[in-house]
Amino acid sequence: LDQIQKRFGDTTILHGISCDIRDGEFIVVVGPSGCGKSTLLRIVAGLETASAGSIHIGEREVTKLEPKDRDIAMVFQNYALYPHMTVAENMAYGLKNRGTDKAEIETRVAQAADILQLGPYLSRRPKQLSGGQRQRVAMGRAIVREPKLFLFDEPLSNLDAKLRVQMRVEIKKLQQRLGVTALYVTHDQVEAMTMADRLIVMKDGRAEQIGAPLDLYARPETVFVAGFIGSPAMNLLPGEVTAEGAVRLACGPTLDLPQPLTGMAGRKVLLGVRPEHLGVRPGGAFTVTVDLVEALGADTLVYATLADGSSLTARLDGAQVVARGDQLALTPANTLHV
């Protein structure tokens, strides 16, 4: 992708998105609703026309080619299956339109059905399948095409929570097995973190940061990425750098940093502390009042209020007994990021 832009009249939707996606890589485009991620995917698919910039798939520039000529396969959020066709007919439809030999179609459909464990359902129609099975059929239709590029447009958003986890594992394993390059759009940052080789984090039509999930988690380059990547979101606390290079927070305490901010005395900063880096310690830096507790088993999420009324979230060990109204002393570990 080279400086992809999209404008509707005077409104710019995409502000020059560029990314070199390696062969066989799984790229996830993630961001809040309305950030332009689905528009970007539709431009790659040829369903929308880029206002500027170019797209190359392999050695070919495909910017102005029709979708059918781009050697891609797309899996949609709503499955997009033909209700009057069987599973086998749905999977074979694209190949029939291309004039593929009947024996070749049967071989490819059988192979895809075997990979996706759809063998017992080939004679059924979509209405006789569960949501997860329908999504596998949609993936099967993409697989039989043997494309150069898979495009996924929020394919799991219609599934329940347990099935989403199962299906994202299946999709990732399938992509690794087939070795096909994939571009996957989602608004779910947990889904993005667990599936991606690299992430494109988008906001307001711009790529805020591109990189490996753990790199973005450990070294966010913007405040938006810091707050978006990670669940629960990073605590962002305003403060001022002291003469010693520590940070005096607006909420009260002064925190020494693993690496003092030398030469920045008096500068306003945001201190980022992830909830999982906070622990209960006697005489801790933050004294908070617990507002809400979410006991998740292995972890306990604590939503609390500081003395100045600002909020703080902590992810504590599940064995930690905490109740609403408790006073806690919390201290960040040395892994905090500024």
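Above: the structure in question.
Residues numbered from 1 in each chain as written. Predicted model: local features only at pLDDT ≥ 70, side-chain atom pairs only at ≥ 80, totals over all residues. Heavy atoms only, no water.

### Quick word on the sheet that holds strand E2 (residues 11-17)
This is how the line gets drawn: Pairing between strands is defined by DSSP: at least two bridges between the two strands are required. Strands here mean DSSP runs of E at least two residues long; helices mean DSSP runs of H or I at least four residues long; both are numbered from the N terminus. In this analysis an axis means a line fitted to C-alpha atoms, helices contributing only their contacting stretch, and an angle means the value between N-to-C directions, from 0 to 180 degrees. By definition in these notes, contact holds between two residues if any of their heavy atoms fall within 4.5 Å.
Pairing within the open sheet is antiparallel, and its 3 strands lie in the order E2-E1-E4. Only two strands of the sheet have a single neighbouring strand rather than two, namely E2 and strand E4 (52-54). Strand after strand, the sheet turns through a mean of 20° between neighbouring axes, direction not considered. Pairing of strand E1 (residues 2-8) with E2, which is carried by 5 bridges, proceeds in the antiparallel orientation. Residue pairing for E2: Phe 8 is matched across the bridge by Thr 11. On the sheet, helix H1 (residues 37-45) packs against E1 and E2 and is oriented at approximately 70° with respect to E2.

### Side note on the packing of aromatic side chains
Convention followed: The criterion for an aromatic pair is that two Phe, Tyr or Trp rings (for Trp, the six-membered ring) have centres within 6.5 Å, with stacked assigned to planes under 30 degrees apart, edge-to-face to planes over 60 apart and tilted to the rest. Accessibility here uses a 1.4 Å probe with only protein chains present; expressed as a share of the type maximum, an area under 20% marks a residue as buried, one over 50% as exposed, and anything in between as partly exposed.
Enumeration over the complete set of coordinates arrives at 6 aromatic pairs. Ring geometry for Tyr 82 versus Tyr 93: centroids 4.8 Å apart, planes at 55°, classification tilted. Residue Tyr 82 is located in the loop between strand E7 (72-75) and helix H2 (87-97), and its partner Tyr 93 is located in helix H2; the two are separated by 11 residues in the primary sequence. We classify Tyr 82 as partly exposed; its relative accessible area is 33%. Classification of Tyr 93 as partly exposed rests on a relative accessible area of 30%. Ring geometry for Phe 152 versus Tyr 184: centroids 5.5 Å apart, planes at 40°, classification tilted. Placement of the pair is Phe 152 in strand E8 (residues 149-153) and Tyr 184 in strand E9 (residues 181-186), with a sequence separation of 32 residues. Like Phe 152, the residue Tyr 184 is buried in the burial classification.

### Structural notes on the environment of Leu 278
Mapped onto the secondary structure, Leu 278 falls in strand E16 (residues 278-280). Classification of Leu 278 as buried rests on a relative accessible area of 5%. Between the alpha carbons of Leu 278 and Ser 38 there is a distance of 36 Å; along the sequence they are 240 residues apart. Ignoring anything within four residues of it in the chain, the contact list for Leu 278 reads Asn 235, Val 273, Phe 286, Leu 312, Thr 313, Ala 314, Arg 315, Leu 316, Leu 330, Thr 331 and Pro 332.

### Some remarks on the nonpolar core
Here is the rule: Nine residue types can take part in a nonpolar core, namely buried Ala, Val, Leu, Ile, Met, Phe, Trp, Tyr and Cys, and a core is a set of them joined through side-chain atoms within 4.5 Å.
Counting 46 residues, the largest nonpolar core has Val 28, Leu 199 and Val 201 as its most contacted members. Among residues more than four places away in sequence, those in contact with Val 201 are Val 30, Arg 206, Ala 207, Glu 208, Gln 209, Leu 216, Phe 224, Val 225, Phe 228 and Ile 229. In this structure, Ile 43, Ala 45, Ala 50 and Met 202 belong to the second largest nonpolar core, which totals 25 residues.

### Regarding the state of the cysteines
Note the following rule: We call a pair of cysteine sulfur atoms a disulfide whenever their separation is within 2.5 Å.
Counted under the stated rule, the structure contains 0 disulfides. In this structure Cys 19 is a free cysteine whose sulfur lies 15 Å from that of Cys 35, the closest cysteine sulfur available. Take Cys 35: its relative accessible area is 2%, and that puts it in the buried class.

### Brief notes about the pairing of strand E18 (residues 299-305)
Bridge count between strand E17 (residues 286-295) and E18: 6 bridges; the pairing is antiparallel. Across the sheet, the residue bridging to Glu 294 is Leu 301, located in E18. In this antiparallel pair of consecutive strands, E17 and E18, the connection spans 3 residues, and Gly 297 shows a positive phi of 100°. Judged from the 7 bridges that link them, E18 and strand E19 (residues 311-317) form a sheet pairing that is antiparallel. By the bridge assignment, Tyr 303 is partnered in E19 with Thr 313. The turn joining E18 and E19, which pair antiparallel and follow one another in sequence, is formed by 5 residues; a positive phi near 95° is taken by Gly 309.

### Observations regarding the side chain of Thr 63
Note the threshold: Counted as a polar contact is a pair of N or O atoms within 3.5 Å, where, for protein atoms, one must be capable of donating a hydrogen and the other of accepting one, and residues adjacent in sequence contribute only when both atoms are in side chains.
With respect to the secondary-structure elements, Thr 63 resides in the loop between strand E6 (60-61) and E7. One polar contact links Thr 63 to Glu 61, side chain to side chain, over a distance of 3.0 Å. Residue contacts for Thr 63: discarding those within four places in its chain leaves Gly 53, Ser 54, Ile 55 and Arg 70.

Nothing here speaks to function; it is all geometry.
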